Amino acid sequence: MQRIYRIAVLPGDGIGPEVVEAAVGVLEAVQKVISGLRLELIYGEAGYNCIEKYGTNLPQKTVEMLRETHACLKGPMTTPEEPNAPPSVAVTLRKMFNLYANVRPCKSLPGAWSLKPNIDLVIVRENTEGLYSGIEYETSPGRGIALRIITREASERVARFAFRLAEQRRRYLTCVHKRNILRITDGIFRDAVFHVASEFPSVRVDEEHIDAMAMRLIKEPERFDVIVTTNLFGDILSDEAAQITGGIGLAAGANIGDNYGMFEPVHGSAPKYAGKNRANPIATILAAKMMLDWLGEREAAKRIETAVERVLSGGKVKTYDLGGTATTSDMGNAIIEKILEEG
Ligand code: NAD
């Protein structure tokens, strides 16, 4: 029996189209070896390149297309920084589709540099509020205020997601906050996590201040399993986490809600490498792997992960960030070959 999924593909800006093309090649290969899996890929426009044409970085027809799909594979997009420019597409989509959990795994991979050999943790970041509420005012020239909104409802929702994930892993969850300074907002977040903990008695729960956590992530990253935190802290911690296991070219992220998932590399559009066929596509390929996992296609996801690990441990195909000279397409093709070889 066929299992058909409609997948929105947003190639994005800068290196986006190149790394997404490699990931699409991998998705096509995996359909050849997993019986019954069919992915209908539907391409959409979004990002900086749309602003001149449509006056927005997220055209309405793209939003409508997304609503007709099961999940989205999104390339990185350039975000304009002027105060009146449209907000980041990723941030808009997270809010629009209520993708409240941002999931960023951080794992030592064979053949890629890692601070310690046995790191295997996941950061779950609250994705809809906190300092990314986007509500800012300039109350008088040169004096600005940003609102950091934290609600018990959103905090409990992301906490439940993180506890469920911890249940499937090593059953250890660390709540990261800064309640000693942000007493009200992080008080609400921290209490919500510990309140939800009672629903998951098999998971050991611990807490850490964000500054201490940033340090421990370097000192003893192998000790952590699932980390749950607020939006800005999670954004910073997950880039730090990416750097201790092979760098930003390998780091993938998922944005998950109750009814939709958007999967993307953690890195941005790296404009200086655009069109040069140099960027590492593994982050986007692992994002596609996370998408298959979320869709319940565990075997297909596993095939991709194994193929990536085999190419990395082979040590022959390395993009510049891994110390080699392979191109984006070399890396994509090597992973595709391994998937097809395993057949
Ligand atoms: P960036 O991640 O685009 O690039 C920083 C550096 O990381 C690059 O110069 C490059 O050296 C390296 N790098 C990034 N991706 C790589 C890859 N696949 N392979 C090898 N090396 C890689 O960060 P930035 O320069 O701060 O941002 C550029 C643009 O991307 C900005 O407009 C930013 O807003 C946007 N951005 C978008 C997203 C997203 O779409 N989710 C995320 C982050 C940044």
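Along each chain, the written sequence defines residue order, and numbers are assigned to residues from 1. Local features in this predicted model are restricted to residues of pLDDT 70 or higher, and side-chain atom pairs are both shown and tallied only at a pLDDT of 80 or more, whereas totals for entire chains, interfaces and linings draw on every residue. Note: side-chain values were computed over all heavy atoms of the structure, leaving out hydrogens and water.

1. A closer look at the pattern of salt bridges
Rules: Salt-bridge detection follows one rule: a side-chain nitrogen of Lys or Arg within 4 Å of a carboxyl oxygen of Asp or Glu. The helix and strand labels rest on DSSP assignments: H or I over at least four residues marks a helix, E over at least two residues marks a strand, and numbering proceeds from the N terminus. Burial classes: relative accessible area under 20% of the type maximum marks a residue as buried, over 50% as exposed, and values in between as partly exposed (1.4 Å probe, protein chains only).
Considering all chains together, one arrives at 30 salt bridges under this definition. Where R104 meets D235, a salt bridge forms, and the shortest distance between an N and an O atom there is 3.7 Å. In this pair, R104 is assigned in strand β4 (residues 101-107) and D235 in helix α8 (residues 231-244), connecting sequence segments 131 residues apart. In terms of burial, R104 and D235 fall into one category: buried.

2. Digging into the domain arrangement of the chain
Note on interface size: it is often stated as the accessible area lost on association of the parts. For the record, the criterion: An automatic or database domain assignment provides the domain bounds reported here. Buried area adds together the accessible area that both of two parts lose upon being put together, with accessible area traced by a 1.4 Å probe. Two N or O atoms form a polar contact when they lie within 3.5 Å of each other; inside protein one atom must be a possible hydrogen donor and the other a possible acceptor, and for residues adjacent in sequence the pair counts only when both atoms belong to side chains. Think of it as three bins: nonpolar holds Ala, Val, Leu, Ile, Met, Phe, Trp, Tyr, Cys and Pro, charged holds Asp, Glu, Lys and Arg, and polar takes everything else, Gly as well.
For the chain, the domain assignment lists domain 1 (1-101 + 251-343) and domain 2 (115-244). Put simply, the middle of domain 1 and the middle of domain 2, counted by C-alpha atoms, are 25 Å apart. Both faces combined, the contact of domain 1 with domain 2 buries some 970 Å², and carbon together with sulfur accounts for 57% of it. For domain 1, the biggest contributors to the area lost against domain 2 are K95, Y100 and A101; these three give 55% of the whole. Linking domain 1 with domain 2 are zero salt bridges. Our count for the domain 1 to domain 2 interface comes out at six residue pairs in polar contact (both at pLDDT 80 or more). Among the secondary structure elements, those contributing two or more residues to the side of domain 1 that touches domain 2 are α4 (89-96) and β11 (252-256). Here the side of domain 1 that touches domain 2 is built from residues that sort into six nonpolar, two polar and two charged.

3. Concerning α4
For clarity, the cut-off: The directions considered for the arc run from the helix axis to the C-beta atoms.
V89, A90, L93 and R94 are the residues of α4 that are buried. Angular distribution of buried residues about the axis of α4 spans 135 degrees; they occupy a single face of the element. One side-chain oxygen at the N-terminal end of α4 lies 3.2 Å from the backbone nitrogen of A90; it belongs to S88. One or two residues past the end of α4 sits N98, with phi positive at roughly 55 degrees.

4. With respect to a nonpolar patch on the surface
Going by this rule: Exposure above 30% relative accessible area and the lack of any salt bridge qualify a residue for a patch; like charges then connect within 9 Å, and the nonpolar side chains Val, Leu, Ile, Met, Phe, Trp and Tyr within 5 Å. Only the protein chains shown count as cover for residues, and the accessible areas themselves come from Shrake-Rupley with a 1.4 Å probe.
A contiguous nonpolar patch, built from Y137, I145, L147 and I149 and spanning about 320 Å² of accessible area, is present on the exposed surface. Take Y137: it is sitting in strand β6 (residues 136-140). Given a relative accessible area of 48%, Y137 falls into the partly exposed group.

5. Section: the nonpolar core
In a soluble, globular protein the nonpolar side chains are often hidden away together inside. Our working rule: As used in this record, nonpolar core signifies buried Ala, Val, Leu, Ile, Met, Phe, Trp, Tyr and Cys residues forming a set joined through side-chain atoms within 4.5 Å. Should any heavy atoms of two residues lie within 4.5 Å, those residues are counted as being in contact.
Judged by nonpolar contacts, the single largest core of 69 residues is most densely connected at V124 and I335. A per-element tally of this core places helix α1 (residues 16-33) first, with nine residues. Split by domain, this core shows at least three residues from each of two domains, domain 1 (1-101 + 251-343) and domain 2 (115-244). Leaving out residues up to four positions away in the same chain, I335 has contacts with V26, I282, I285, A307, V308 and V311. Residues A8, A46, M77 and Y260 belong to the second largest nonpolar core, which totals 16 residues.

6. Some points on the packing of helix α10 (residues 298-314) against helix α11 (residues 328-342)
Cut-off, in case you're wondering: Only C-alpha atoms enter the line fits that serve as axes; for helices the fit covers just the stretch in contact. Angles between N-to-C directions range over 0 to 180 degrees. Angular relationships are summarised with four words: roughly parallel below 35 degrees, roughly antiparallel beyond 145, roughly perpendicular across 65 to 115, and oblique for the angles in between. With the far helix as reference, a near helix turned anticlockwise by less than a right angle produces a left-handed crossing, and one turned clockwise produces a right-handed crossing.
Close contact between α10 and α11 brings their axes to 9 Å; oriented N to C, the two are set at 120 degrees. Judged by the angle between their axes, α10 and α11 are oblique. The handedness of the crossing between α10 and α11 is right-handed. On α11, the residues that touch R303, I304, A307, V308, R310 and V311 of α10 are M331, A334, I335, K338, I339, E341 and E342. For the contact of α10 with α11, the per-class residue count stands at eight nonpolar, no polar and five charged.

7. A word on the packing of aromatic side chains
Cut-off, in case you're wondering: Aromatic rings from Phe, Tyr and Trp, with only the six-membered ring used for Trp, were paired whenever their centres fell within 6.5 Å, and each pair was classed as stacked if the ring planes differed by under 30 degrees, edge-to-face if by over 60, and tilted otherwise. The criterion for a charge sitting over a ring is simple: Lys NZ or Arg CZ within 6 Å of the ring centre, and within 35 degrees of the ring normal.
Evaluated as defined, the whole model comprises four aromatic pairs. For the ring pair Y273 and Y320, a centre distance of 4.9 Å and an interplane angle of 45 degrees mean the geometry is tilted. One end of the pair, Y273, is in the loop between β12 (261-265) and α9 (282-294); the other, Y320, is in the loop between α10 and α11, and 47 residues separate them in sequence. The aromatic ring of F97 is capped on one face by R67, whose charged end is 5.2 Å from the ring centroid. The ring of F194 carries R190 above its face, with NZ or CZ at 4.0 Å from the centroid.

8. Notes on the sheet that holds strand β5 (residues 120-126)
Test applied: Strands pair, by our definition, only if DSSP identifies at least two bridges between them.
Spatially, 10 strands are ordered β2-β1-β3-β12-β11-β4-β5-β10-β8-β9 in an open sheet, and the strand pairing comes out mixed. Among the strands making up the open sheet, the edge pair consists of β2 (37-43) and β9 (204-209). In this sheet, adjacent strand axes meet at a mean angle of 25 degrees when their direction is disregarded. Along the sheet face, helix α3 (residues 60-67) touches β1 (3-10), β2 and β3 (71-74) and points at about 160 degrees away from the line of β1. Sheet strands touched by α4: β1, β3, β4, β5, β11 and β12. Its angle to β12, the strand with the most contacts, is close to 160 degrees.

9. With respect to the environment of I248
On the secondary structure map, I248 appears in the loop between α8 and β11. Accessibility expressed as a relative area gives 32% for I248, which makes it partly exposed. In the structure, I248 is positioned 17 residues away from P265 in sequence and 8.4 Å away in space, judged by C-alpha atoms.

10. Digging into helix α6 (residues 185-197)
Condition: Expected helix span is taken as 1.5 Å per residue step, with the number of steps being one fewer than the number of residues.
Relative to the 18 Å expected for 13 residues at 1.5 Å per residue, α6 spans 19 Å between its end C-alpha atoms, a close match to the ideal helical length. Buried residues along α6 sit against α5 (152-168), β8 (172-177), β9, β10 (226-229) and α8.

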